[in-house]
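One letter stands for each residue in the lines below.
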Amino acid sequence: MGVLKSYRMRLERRRWRARAFRKRRELTTKRNRTQQIGKNDILLFCTLRNERVRLPYFLKYYRDLGVDHFFFVDNGSDDGTGEYLAEQMDVSVFYSEEGYKRSRFGVDWLNWLQMRYAHGHWSLVVDVDEFFIYPFCDTRPIRALTDWLDASSIKSFGTMLLDMYPKGPIDSAKYEEGSDPFEIAHWFDSGNYSITKNSRYGNLWIQGGPRARAFFPENAERAPAMNKIPLVKWDRAYAYVSSTHMLLPRGLNLVYDEWGGEKTSGCLLHAKFLDIFTQKSAEELERKQHFANSHEYKAYNEGLAVNPDLWCQWSEKYINWRQLEILGLMSKGNWA
């Protein structure tokens, strides 16, 4: 990378960090338990709104993986989300009624909280409907992965977002609070993905899957990105640029091997397509707080009007991480 481009990247990173510092004023502390955080604790960060029904399973899942402390930004919930989180002894809760869009879709708020609390920690940034899968996750806690990454001098870990869905109409099975969403939504697309390289930031850009074929059939290039880098050994000098799709410094985005090998990688199982999504989609379309004038939620709302069945003859039923590795959707690389 040329000297001028490198200089521009540094300026851009400083700009995002300065913006996050300013946006800290939009956050009100509702429950601060950060004094409990130990030196080597693994932290999770999440922005959410009106997700009370999802929280019991989400917290159990990540506690079982080995997350030590949770940070949530509650963006104006009125369904009991904030109250429920405030009762959890391993959770710190911050609240804002400011516009989600004006915070760059929560990125500014989480960048600030990571700058403030995550320096030197492994930090996992996920949405409340995303579930982290990595090699050996069925037998090894997340600390085994982060210890290996530390020993290998690897600072970031990449994943592919894998949309999960039921067989039959999305509204055909009711999601019950506390239950495993993948008992309902246990199908996924094993193919139908395109990959390009972002020349500016160096990250891969992945699109496709059921959202592309069902909601963006005529505009596949506008389908949501499926590439994410959710796990990072955080430094206060870092900054996410766009969701967890890419970071600065840009070297953190090189979570793949350009020379024909395979770096260790994982997946985020995406439990978006449950019956509760229909109401959520209508609510978010009305709020108009999402990217590109909420074009994604406009597509969802139109598609959901006919209660679609995302299952097709090429759908695969989820078994475990080894299946995803065989299909080429993730890799254990040289971690044995």
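Everything below is about the structure printed above this text.
Procedures and definitions
- Residues numbered from 1 in each chain as written.
- Predicted model: local features only at pLDDT ≥ 70, side-chain atom pairs only at ≥ 80, totals over all residues.
- Heavy atoms only, no water.
- Patch = residues over 30% accessible without salt bridge, like charges linked within 9 Å, V, L, I, M, F, W, Y side chains within 5 Å.
- Areas by Shrake-Rupley, 256 points an atom, 1.4 Å probe, with all protein chains shown as cover.
- Salt bridge = Lys/Arg side-chain N within 4 Å of Asp/Glu carboxyl O.
- Lys, Arg positive; Asp, Glu negative; His and termini not counted.
- Charge placed at Lys NZ, Arg CZ, Asp CG, Glu CD.
- Helix = DSSP H or I, 4+ residues; strand = E, 2+ residues; numbered from the N terminus.
- Pairing = 2+ DSSP bridges.
- Axes fitted to C-alpha atoms, helices over the stretch in contact; angles between N-to-C directions.
- Contact = heavy atoms within 4.5 Å.
- Phe/Tyr/Trp six-rings, centres within 6.5 Å; stacked < 30°, edge-to-face > 60°.
- Buried < 20%, exposed > 50% of the residue type's maximum accessible area, 1.4 Å probe, protein only.

1. Regarding a negative patch on the surface
The grouping of Asp78, Asp79, Glu83 and Glu87 at the surface amounts to a negative patch. In this structure, glutamate 83 sits in helix α3 (residues 81-86).

2. Here's the deal with the sheet that holds strand β11 (residues 227-233)
Strands sit in the order β1-β4-β3-β2-β5-β11-β7-β14-β6 across an open sheet of nine strands; the sheet is mixed. If you trace the sheet from one side to the other, it starts and ends with β1 (28-31) and β6 (130-133), each paired once. If you compare each strand with its neighbour and ignore which way they point, the axes differ by 25 degrees on average. For β6 and strand β14 (residues 266-270), the ladder comprises four bridges, and the chain directions are antiparallel. Bridge pairing links phenylalanine 131 to leucine 269 in β14. Each of β2 (43-48), β3 (69-74), β4 (91-95) and β5 (122-125) is contacted by helix α4 (residues 107-117), which is oriented at about 155 degrees to β2, the strand it contacts most.

3. Here we look at the pattern of salt bridges
Here the structure, examined in full by the defined rule, presents 15 salt bridges. Arginine 19 serves as the salt-bridge partner of aspartate 108, at 2.5 Å between the closest nitrogen and oxygen. In this pair, aspartate 108 is assigned in helix α4 and arginine 19 in helix α1 (residues 3-23), connecting sequence segments 89 residues apart. Across the pair aspartate 189 and arginine 213 runs a salt bridge, and its minimum N-O distance is 2.8 Å.

4. Quick notes on the packing of aromatic side chains
Tallied over the full model, the rule gives 26 aromatic pairs. Measuring from centroid to centroid gives 4.5 Å for phenylalanine 45 and phenylalanine 71, while their planes differ by 10 degrees, and the two rings are stacked. Taken together, the residues phenylalanine 45 in strand β2 and phenylalanine 71 in strand β3 connect sequence positions 26 residues apart. Residue class for phenylalanine 45 comes out buried when judged on its relative accessible area of 0%. When its relative accessible area of 0% is taken as the criterion, phenylalanine 71 is described as buried. With 5.3 Å between their ring centres and 35 degrees between their planes, phenylalanine 71 and tyrosine 117 make a pair best called tilted. One end of the pair, phenylalanine 71, is in strand β3; the other, tyrosine 117, is in helix α4, and 46 residues separate them in sequence. For the pair shown, phenylalanine 71 and tyrosine 117 are each scored as buried.

5. A closer look at α4
Of all 11 residues in α4, 10 are buried, a share of seventy percent or more. Buried residues of α4: Val107, Asp108, Trp109, Leu110, Asn111, Trp112, Leu113, Gln114, Met115 and Tyr117, and no others. For α4, the secondary structure elements touched by its buried residues are α1, β2, β3, β4, β5 and β12 (239-242).

6. Digging into unusual backbone geometry
A cis amide bond links leucine 248 to the next residue, proline 249, at an omega of 5 degrees. Assignment of secondary structure puts proline 249 in the loop between β13 (246-248) and β14. The backbone of arginine 104 sits at a positive phi, close to 55 degrees, despite the residue not being glycine. By the element assignment, arginine 104 lies in the loop between β4 and α4. Arginine 104 sits in the buried class, given a relative accessible area of 12%. The backbone of serine 243 sits at a positive phi, close to 45 degrees, despite the residue not being glycine. Mapped onto the elements of the fold, serine 243 is located in the loop between β12 and β13.

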